[in-house]
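If you want the building blocks of each chain, they are given just below.
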Amino acid sequence: MSCKTYVPEGEAAPASQVGATLEALAATIAARREAGEESYTHRLLTADVDAVLKKVMEEAGEVALAAKDADTALYFAGESADVAPDTSAAARLAEAASQSVDHLRYEAADVAYHLLVVLERFGIGLDEFAAELNNRMTEDERPAGAVRLYDDYVRRGK
Ligand SMILES: N=c1c2ncn([C@@H]3O[C@H](COP(=O)(O)OP(=O)(O)OP(=O)(O)O)[C@@H](O)[C@H]3O)c2ncn1[C@@H]1O[C@H](COP(=O)(O)O)[C@@H](O)[C@H]1O
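Residues numbered from 1 in each chain as written. Predicted model: local features only at pLDDT ≥ 70, side-chain atom pairs only at ≥ 80, totals over all residues. Heavy atoms only, no water.

(A) Broad picture of the overall build of the protein. The helix and strand inventory of the protein stands at five helices and zero strands. Computed over C-alpha atoms, the radius of gyration of the protein comes to 20 Å, more than 25% over the 15 Å expected from 2.2 N^0.38 for 158 residues, which places it beyond the range of a compact globule. In terms of its C-alpha atoms, the protein occupies a principal-axis envelope of roughly 60 × 45 × 45 Å. Taking all 158 residues of the protein together, the buried fraction comes to 20%. Of the contacts made within the protein by residues no fewer than 6 positions apart, 56% connect residues no fewer than 24 positions apart. As displayed, the protein offers around 11,300 Å² of accessible surface, 57% of which is attributable to carbon and sulfur atoms. Considering the protein, the positive charge centre built from 16 side chains and the negative charge centre built from 29 side chains are found 5 Å apart. (Helix = DSSP H or I, 4+ residues; strand = E, 2+ residues; numbered from the N terminus. Rg over C-alpha atoms; globule rule 2.2 N^0.38 Å. Buried < 20%, exposed > 50% of the residue type's maximum accessible area, 1.4 Å probe, protein only. Contact = heavy atoms within 4.5 Å. Areas by Shrake-Rupley, 256 points an atom, 1.4 Å probe, with all protein chains shown as cover. Lys, Arg positive; Asp, Glu negative; His and termini not counted. Charge placed at Lys NZ, Arg CZ, Asp CG, Glu CD.)

What follows is the structure, given as structure tokens:
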């Protein structure tokens, strides 16, 4: 866990934080098929597919811009810490760099959410998505018991 995160006191942590989060979010998204038009997710699931595809591309672009900003901010924070450590300028640049990394995380979450909506639209469950990633791993990298794709479904259409 990073110094920016915490688990609320008294709550048991799931075996995999990101696994539990993605599963909960994917289930919420799937359930929004039955929601009303007031749900943004429902609209993305049911409107012209271009709407959600446009969002994926827009949010991916925002990740790239946020990462460039973070890269620049970290560079200046590093330079300042080398040249004038323990000054208010160095502290300000360090804080700006930390905020720019936070912004990158925010934009990455936007991409992940919109990608999950696309997967739901096309009936690709999280286990199947995991199998796609697992198939690309070496034996050493792949976790024990990891779900795989049957050979007939590997690199299909390529
Ligand atoms: N995780 C998300 C989620 N992430 C992003 N978004 C929406 O995606 C849109 C992103 O569009 P914009 O880029 O225009 O907005 P922005 O992020 O404020 O702007 P930028 O900083 O990115 O430029 C916003 O409307 C966000 O509210 C999300 N909408 C919903 N969810 C989840 O889906 C659940 C169901 O939500 P409903 O859509 O309300 O049913 C929610 O409870 C959440 O758990």
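(B) Structural context of the site of the ligand. With respect to spatial proximity, 15 residues lie near the ligand, and among them Arg 32, Ser 39, Thr 41, Glu 59 and Glu 62 are the closest. In the environment of the ligand, an oxygen atom lies 2.6 Å from a nitrogen or oxygen atom belonging to the side chain of Arg 32. Interatomic distance of 3.3 Å between a side-chain N/O atom of Tyr 106 and an oxygen atom of the ligand. Relative to its unbound accessible area of 830 Å², the ligand is 54% covered by the protein chains. Put simply, the parts of the chain that give the shell around the ligand at least two residues each are α1 (17-31), α2 (40-46), α3 (49-83) and α4 (88-121). The element best represented in the shell around the ligand is α4, accounting for five residues. Its residues placed into classes, the shell around the ligand shows four nonpolar, four polar and seven charged. (Near = heavy atom within 4 Å. Polar contact = N/O pair within 3.5 Å; in protein donor to acceptor, adjacent residues only side chain to side chain. Nonpolar A, V, L, I, M, F, W, Y, C, P; charged D, E, K, R; others polar.)

(C) Broad picture of the side chain of Lys 55. Considering the arrangement of structural elements, one finds Lys 55 in helix α3. Within the structure, the side chain of Lys 55 is placed 3.0 Å from the side chain of Glu 58, a separation counted as a polar contact. Not counting chain neighbours up to four residues away, the residues in contact with Lys 55 comprise Tyr 40 and His 114.

(D) Expanded view of α4. Over its 34 residues, α4 extends 50 Å from the first C-alpha to the last, a length consistent with the 50 Å expected when each residue adds 1.5 Å. Buried within α4 we find Ala 90, Ala 97, Ser 100, Glu 107, Val 111, Tyr 113, His 114, Leu 116, Val 117, Val 118, Leu 119 and Glu 120. At its buried positions, α4 is contacted by α1, α2, α3 and α5 (126-135). In the segment just after α4, Gly 123 is the residue with positive phi, at about 70°. (Expected span 1.5 Å × (residues − 1).)

(E) Quick peek at the confidence of the model for the protein. Per-chain confidence: the protein averages 96 in pLDDT, with 100% of residues scoring 70 or above. Confidence metrics for the complex model read pTM 0.95 and ipTM 0.94. (pLDDT = per-residue confidence, 0-100.)

(F) Molecular detail of the pattern of salt bridges. Taken as a whole, this structure holds seven salt bridges when the rule is applied. Put simply, Asp 102 and Arg 105 hold a salt bridge, and the shortest N to O gap is 2.9 Å. Here Asp 102 pairs with Arg 105, and both are found in helix α4, just three residues apart, close to one helical turn. Residue Asp 102 is classed as partly exposed on the basis of its relative accessible area of 24%. A salt bridge links Arg 136 to Glu 132; the shortest N-O distance between them is 3.1 Å. Take Arg 136: its relative accessible area is 61%, and that puts it in the exposed class. Salt bridges sharing partners connect three or more residues here, namely Lys 4, Asp 102 and Arg 105. (Salt bridge = Lys/Arg side-chain N within 4 Å of Asp/Glu carboxyl O.)

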